[in-house]
Amino acid sequence: MNLSNGVEYLAIPGPSVIPEKVLQAMHRSSPNIYEGELIDITDKIVPKLCQVAKTDGNVAMYISNGHGAWEAALSNTTNRGDKVLVAATGRFGHGWAEIAQKNGVKTEVLDFGTNSTIDLNLLETALKKDGNYKAVLITHVDTSTSVKNEIAPVRALLDDLNHDALLLVDCIASLACDEFHMDSWGADVMVAACQKGLMVPPGVSFVFFNQKAKDLQSSLKLVSSYWDWAPRINPDYYYKYFGGTAPTHHLYGLNVALDMILKEGIEAVWRRHEVLASAIWAAIESWEKGGELKANIQDKKLRSAAVTSLHVQTPKGTHIRKWLQENTGLTIGIGLGMATPNDPNGDGYFRLGHMGHVNAQMIMALIATLETAMIAVGVPHGNNAINKAASIIAKFSKP
């Protein structure tokens, strides 16, 4: 007997669950890429994306994953030999730094570890030490650690120091999940991708930017032809939106996904993620009492509402994942970037993705099935987790 037969649930922190409406919109023959419906849809997608990002600025679209968005952002804001400061709170902060280094950008990394947020005092010291940084790079949410960094205080710090560095923010994991206000929080450039909160299969990424970043780009010595955002934001021919053939079927899906987000309301989307994450965290608090499971980020105020990183004794994190996948049809995330000398493969960590197209019954199923896995593989844990989670859901439900 196999209890995993049936609808599978991919509860990893991206790619996220794809709505049926999005899949149906994508399941069609190829459209005309020179005129007609596709062009009209693309023109409508741009302002919808800016609504979700809370910006009056520009957005350039790329056929790439989030790594491509990282490179596009750097290609439009730095010359070879320029210096950037990276505040890293997990694997993805370091990943962005590595791309900068490979592009010939001098990179200083402030490593804040894997279970804490940015220390503004240390960031201030670094900025005072060197006024020549062209940009400061920050992940709003680092998907590996599940830490959420505040953006507005970093902008305030740059302003207080009268520092000219652009503020570049990675919202790949957080856009349309965690609250984010690009303009009012002071981000000059923001990168995102379609496969997480935007609920579309991987393949399209975005770079949002304001007038300050746009003006700086025009002064660069060289901008890669493909990554150049200038022709993508005001194309005289449709193909220039994407530097070539459009990602046609992704656009059909993205248009529907954005309509779903805006119909619900971006503030309501943020709130839904907060409540569902709170249910997961309530369960974790119960499991932690008298057990070995621990949340990687202990302070709930510093956690993302899109992803939660957890720790158990090595190698039980991997055992939990494999048992779930083989016996229940539930897939959760690996302990990415969490290796230690005593756990070189990160087998003591796993991650729960609760982003995008998720609701109360899915989250309650995730919690109950995870507890089942802990029982099956022998992870000691406290009791009453499911009741605690249910109480959170019930509290915020309609009467």
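Everything that follows concerns the structure shown earlier in this document.
Bear in mind the structure is a predicted one, so any value in this text is a computation, not a measurement.

Q: Looking at this structure, I do not really get the overall build of the protein. What am I missing?
A: If you tally the helices and strands in the protein, you get 14 helices and 12 strands. Taking 21 Å as the expected radius of gyration for a compact globule of 399 residues, we find that the protein reaches 21 Å, a close match to that expectation. Dimensions along the principal axes, computed over C-alpha positions, put the protein at roughly 60 × 55 × 40 Å. For the protein, the proportion of its 399 residues judged to be buried stands at 56%. For the protein, the proportion of contacts with a sequence separation of at least 24, taken over those separated by at least 6, is 72%. Surface exposure of the protein reaches about 17100 Å², of which carbon and sulfur atoms provide 51%. Charge separation in the protein, taken as the distance between the mean sites of 36 positive and 40 negative side-chain charges, equals 2 Å.

Q: Explanation requested: the sheet that holds strand β12 (residues 349–353) in the structure shown.
A: For sheets, the rule is that strands pair by backbone hydrogen bonds, running either parallel or antiparallel. Strand order in the open sheet made by the five strands is β1-β11-β12-β10-β9, with mixed pairing throughout. Of all the strands in the sheet, the pair left with one neighbour each is β1 (9–11) and β9 (294–295). Strands in contact with helix α12 (residues 316–327) are β11 (330–334) and β12; relative to β11, the strand with the most contacts, it is inclined by about 155°. On top of the sheet, helix α13 (residues 360–377) reaches β1, β10 (307–311), β11 and β12; it is set at about 85° to β1, its chief contact.

Q: Hey, could you run me through the side chain of D142 in this one?
A: With respect to the helices and strands, the residue D142 is situated in the loop between β5 (133–139) and α6 (152–160). The buried charged residue D142 lacks any salt bridge, with R351 as its nearest oppositely charged partner at 6.9 Å. Residues within four places of D142 in sequence aside, it is in contact with T89, G90, R91, F92, G93 and V147.

Q: Please explain the packing of aromatic side chains as it appears in this structure.
A: Aromatic ring pairs: the centre-centre distance and the angle between the two ring planes describe each pair. Tallied over the full model, the rule gives 10 aromatic pairs. Centre to centre, the rings of Y226 and W227 are 5.1 Å apart; their planes meet at 75°, and the pair counts as edge-to-face. Exposure remark for W227: the relative accessible area of 14% places this residue in the buried category. Summarising the aromatic geometry, the rings of Y238 and F242 are spaced 6.2 Å apart at their centres and angled 70° between planes, so their arrangement reads as edge-to-face. Aromatic rings pair up to connect Y62, Y226 and W227 into one cluster. The ring of Y226 has R232 lying over it, and the distance from NZ or CZ to the ring centre is 4.6 Å. The ring of W281 has R303 sitting right over it, with the charged end atom 5.2 Å from the ring centre.

Q: Explanation requested: the pairing of strand β8 (residues 204–209) in the structure shown.
A: Moving residue by residue along a regular strand, the side chains alternate between the two faces of the sheet. Counting buried positions along β8 yields six of six residues, so the element is predominantly enclosed. Of the two faces of β8, the one holding V204, F206 and F208 and the one holding S205, V207 and F209 are both buried throughout. Two elements, strand β2 (residues 58–63) and β8, share six bridges in a ladder whose sense is antiparallel. Considered in β8, the bridge of A60 is made with V207. Bridge count for strand β7 (residues 189–193) against β8 is five bridges, and the pairing is antiparallel. Considered in β8, the bridge of A193 is made with S205.

Q: Even after reading the chapter, I still don't get the pairing of β7, so can you show me in this structure?
A: In terms of residue burial, β7 counts as a mostly covered element, since five of its five residues are buried. Where strand β6 (residues 166–170) and β7 come together, three bridges link them in parallel fashion. Bridged to V169 within β7 is M190.

Q: It is not clear to me how unusual backbone geometry should be interpreted in this structure. Could you clarify?
A: The phi torsion of most residues other than glycine is negative, and most of the peptide bonds are trans. Residue P15 is reached from G14 by a cis peptide bond, and omega for that bond is 0°. Examined against the element boundaries, P15 turns out to sit in the loop between β1 and α1 (20–26). With an omega dihedral of 0°, the bond running from T314 to P315 counts as a cis peptide bond. With respect to the element layout, P315 can be found in the loop between β10 and α12. Here N162, not a glycine, exhibits a phi torsion of approximately 55°, which is positive. Tracing the sequence through the fold places N162 in the loop between α6 and β6. Here the phi dihedral of N384 falls at roughly 75°; this positive angle occurs in a residue that is not glycine. Position of N384 among the secondary structure elements: in the loop between α13 and α14 (385–395).

Q: Sorry, what's going on with the side chain of T139 here?
A: Mapped onto the secondary structure, T139 falls in strand β5. Once residues lying within four places of it in the same chain are set aside, the contact partners of T139 are T89, F92, G93, N149 and D170.

What counts and how
Residues numbered from 1 in each chain as written. Predicted model: local features only at pLDDT ≥ 70, side-chain atom pairs only at ≥ 80, totals over all residues. Heavy atoms only, no water. Helix = DSSP H or I, 4+ residues; strand = E, 2+ residues; numbered from the N terminus. Rg over C-alpha atoms; globule rule 2.2 N^0.38 Å. Buried < 20%, exposed > 50% of the residue type's maximum accessible area, 1.4 Å probe, protein only. Contact = heavy atoms within 4.5 Å. Areas by Shrake-Rupley, 256 points an atom, 1.4 Å probe, with all protein chains shown as cover. Lys, Arg positive; Asp, Glu negative; His and termini not counted. Charge placed at Lys NZ, Arg CZ, Asp CG, Glu CD. Pairing = 2+ DSSP bridges. Axes fitted to C-alpha atoms, helices over the stretch in contact; angles between N-to-C directions. Salt bridge = Lys/Arg side-chain N within 4 Å of Asp/Glu carboxyl O. Phe/Tyr/Trp six-rings, centres within 6.5 Å; stacked < 30°, edge-to-face > 60°. Lys NZ or Arg CZ within 6 Å of the ring centre and 35° of its normal.

Purely geometric numbers; function is a separate question.
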